[in-house]
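Coordinate analysis (summary)
One letter stands for each residue in the lines below.
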Amino acid sequence: PLTARLEADGVMSVGGVRVDALAAEFGTPAFVLDEADFRARATAWRQAFADCDVYYAGKAFLCRAFARWVDEEGLRLDVCTGGELAVARSVGFPAERLLFHGNNKSLGELRAAVEYRVGRIVVDSFVEIERLAAVAAAAGIRQRVLVRVTPGVEAHTHSYISTGQEDQKFGFSLAGGAAARAVAAVLAESGLELVGLHAHIGSQIFDTAGFGLAAHRMVGLLARIRDEHGVELPELDLGGGLGIAYTSEDAPLDVEEVAERLIALVGKECAALGLTVPRLGVEPGRALVGSSTVTLYEVGTVKELPGLRTYVSVDGGMSDNIRTALYDARYTARLVSRPGAATTQVVTLVGRHCESGDVVAHDVPLPGDVRPGDLVAVPASGAYHRSMASNYNHVPRPPVIAVRDGTARVIVRRETEDDLLRLDADPPDPAVSVT
Ligand code: LLP
């Protein structure tokens, strides 16, 4: 994070708050979110994509306080479930600046979105076009929509998070002709107003070529729509996906460079086709929040297997970071509560869960004298960590602590065992009739 530094006694501070003080006050594990880091990135994106719509992708991390920051920073917000929409609604996020995604939005979710008057809904299937038209008609409004297109671009990332290629569940295929048919279907619905196209090719991407190819194909489709239907769609949303550095081996793209290239490319291609340049949209999640957060853990045990490996166990694990197990993601970690010995050892940082795949970080160099009670921080854990956290093994999920200018405040509290037990219906809840 921008404001992480080592204090004179070797203890790390984030946002001007020492991590030993954070651990003492809030316990571990904890997500420590540097508010200034997020806000600085929000500004950078808004400036790089001036005159474009920047939607923060709430799936990366969302809570009420954070939704307010997104609003304050003048960003828009991409939600993809009724739950994320509920967070936005609960803080009065301006409906016009919301975008609703999802390949299987329920009727209830569509109704809730229309009722709140979300600015745009991205339609993802023929069934949904009909469903949404009916919901809009019932509400007596005309709903603005984008059509989600799969442009046939292979993003070079993990297959679980790559979404541009043909063979996948999202959107309408460009090559197969479904995209053109979806456009016609939306245009035929009087309750729907087609404002543009959407494409998202994947996540954790380090190469602009894929974005460029997707943009090129989408502009081609815009021209075809003009030729066939006589309408020039005013918006083109190119999705999210810009990668961040998890380790020193990752070389993230510069947002200004990406913006410049995409804006120039779309401008040039539209000019060549005689198209009015659409307003561009982007949907960064990870790139806005991923680097803002460190996860703070306490070391519990150290197991040395001479000649083999050393396991350092911390008090969290796959319930707060599933990315290592799920995507074979790479992380770094560092001892942050004291200077530590100069000699380092390469260890496997593991969690407390009851399976051997419960690895927080592979092959991390830690001081040779790492020991129980030490605090270890894992950087770049702001995106898809708290939002993908689970209660595996009945482990309560960690809190999110926002730090800024030397003060810390809880923006998501730590779950308790009572929170977990409260969901159990046995013994019978007196409020529930069992007869
Ligand atoms: N827009 C759409 C339509 C998306 O599906 C996504 C991410 C984004 C925007 C934001 O992508 P970002 O800028 O954050 O890469 N859990 C995985 C990532 C899944 C991404 C899903 N969609 C991970 O931890 O790597």
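All values derive from a computational prediction rather than experimental measurement. (Residues numbered from 1 in each chain as written. Predicted model: local features only at pLDDT ≥ 70, side-chain atom pairs only at ≥ 80, totals over all residues.)

A tally of regular secondary structure across the protein gives twelve helices and 21 strands. What you see for the protein is a C-alpha radius of gyration of 23 Å, in line with the 22 Å of a compact globule of 435 residues. Overall, the C-alpha framework of the protein stretches about 70 × 65 × 40 Å when taken along its three principal axes. The buried share of the protein, reckoned over its 435 residues, is 45%. (Helix = DSSP H or I, 4+ residues; strand = E, 2+ residues; numbered from the N terminus. Rg over C-alpha atoms; globule rule 2.2 N^0.38 Å. Buried ≥ 20, exposed ≤ 12 C-beta atoms within 10 Å, placed from the backbone.)

Right, let's get into the pairing of strand 8 (residues 120-123). A two-sided burial pattern is seen for strand 8, the buried positions comprising R120 and V122 on one face and I121 and V123 on the other. Bridge analysis of strand 7 (residues 98-100) against strand 8 gives two bridges, and the strand direction is parallel. Paired with F100 across the bridge in strand 8 is I121. Viewed along the sheet, the connection from strand 7 through helix 5 (residues 107-116) into strand 8 turns out right-handed. Bridge analysis of strand 8 against strand 9 (residues 143-150) gives three bridges, and the strand direction is parallel. (Pairing = 2+ DSSP bridges. Right-handed = clockwise from strand over helix to strand, strands pointing away.)

Soluble globular proteins tend to bury their nonpolar side chains together. By size, the foremost hydrophobic cluster in this structure holds 120 residues, and its most contacted members are V147 and I401. The two domains that each donate at least three residues to this core are domain 1 (5-32 + 291-421) and domain 2 (35-289). Among residues more than four places away in sequence, those in contact with I401 are L22, F26, A30, F31, V32, L33, A408 and V410. (Core = buried A, V, L, I, M, F, W, Y, C linked by C-beta atoms within 7 Å. Domains from an automatic or database assignment. Contact = placed C-beta atoms within 7 Å.)

This paragraph deals with the site of the ligand. The environment of the ligand is made up of 22 residues, and the closest members are A57, S203, G240, G285 and Y384. Elements with a contribution of two residues or more to the shell around the ligand: helix 10 (286-289) and helix 11 (323-327). Here the shell around the ligand spans two domains, since at least three of its residues come from each of domain 1 (5-32 + 291-421) and domain 2 (35-289). (Near = placed C-beta within 6 Å.)

With respect to the helices, strands and loops of the structure, E115 is situated in helix 5. Classification of E115 by C-beta neighbours within 10 Å gives partly exposed; the count is 13.

Another aspect to go through is the packing of helix 8 (residues 208-229) against helix 9 (residues 255-273). Helix 9 packs onto helix 8 with a crossing angle of 30° between their chain directions and a minimal axis gap of 10 Å. Between helix 8 and helix 9, the angle is such that the two are roughly parallel. Where helix 8 crosses over helix 9, the handedness of that crossing is right-handed. Contacts from T208, F211, G212, A215, H216, V219 and A223 of helix 8 reach helix 9 at V258, R261, L262, L265, V266, E269, C270 and L273. Looking at side-chain class alone, the contact of helix 8 with helix 9 contains ten nonpolar, three polar and two charged residues. (Axes fitted to C-alpha atoms, helices over the stretch in contact; angles between N-to-C directions. Parallel < 35°, antiparallel > 145°, perpendicular 65-115°, else oblique. Left-handed = near helix turned anticlockwise from the far one by under 90°. Nonpolar A, V, L, I, M, F, W, Y, C, P; charged D, E, K, R; others polar.)

Take the UniProt feature "binding site: substrate" (unreviewed entry) in the protein next. UniProt's entry tags R286, R323, Y327, E355 and Y384 with the feature "binding site: substrate" (unreviewed entry), counted in the numbering of this structure. A maximum C-alpha distance of 27.7 Å is found for the annotated residues, which run over 99 residues; spatially they are spread out rather than grouped. When you line up the elements, R323 lands in helix 11. Taking the number of C-beta atoms within 10 Å as the measure of exposure, R323 has 21 and is therefore buried. Once residues within four sequence positions are removed from consideration, R323 is found in contact with A329 and Y384. Its place among the elements puts Y327 in helix 11. The exposure class assigned to Y327 is partly exposed, which follows from the 16 C-beta atoms found within 10 Å. (UniProt positions renumbered as here; feature names shortened; annotations may be inferred.)

Think of a sheet as strands paired side by side through backbone hydrogen bonds, with each pair either parallel or antiparallel. Spatially, the three strands line up as an open sheet ordered 1-2-3, and their pairing is antiparallel. Single-partner strands in this sheet number two, and they are strand 1 (5-6) and strand 3 (17-18). Pairing between strand 1 and strand 2 (residues 12-14): two bridges, direction antiparallel. Of the residues in strand 2, the one forming a bridge with R5 is S13.

Looking at the assigned domains, one finds that the protein contains domain 1 (5-32 + 291-421) and domain 2 (35-289). Each of domain 1 and domain 2 was reduced to a C-alpha centroid, and the two centroids are 33 Å apart. Across the boundary between the two partners, domain 1 contributes 20 residues, which contact 20 residues of domain 2. Taken together, the elements giving at least two residues each to the side of domain 1 that touches domain 2 come down to strand 20 (400-404) and strand 21 (407-412). Tallying contributions element by element places strand 20 first for the side of domain 1 that touches domain 2, with four residues. Class assignment for the residues of the side of domain 1 that touches domain 2 results in eleven nonpolar, six polar and three charged.

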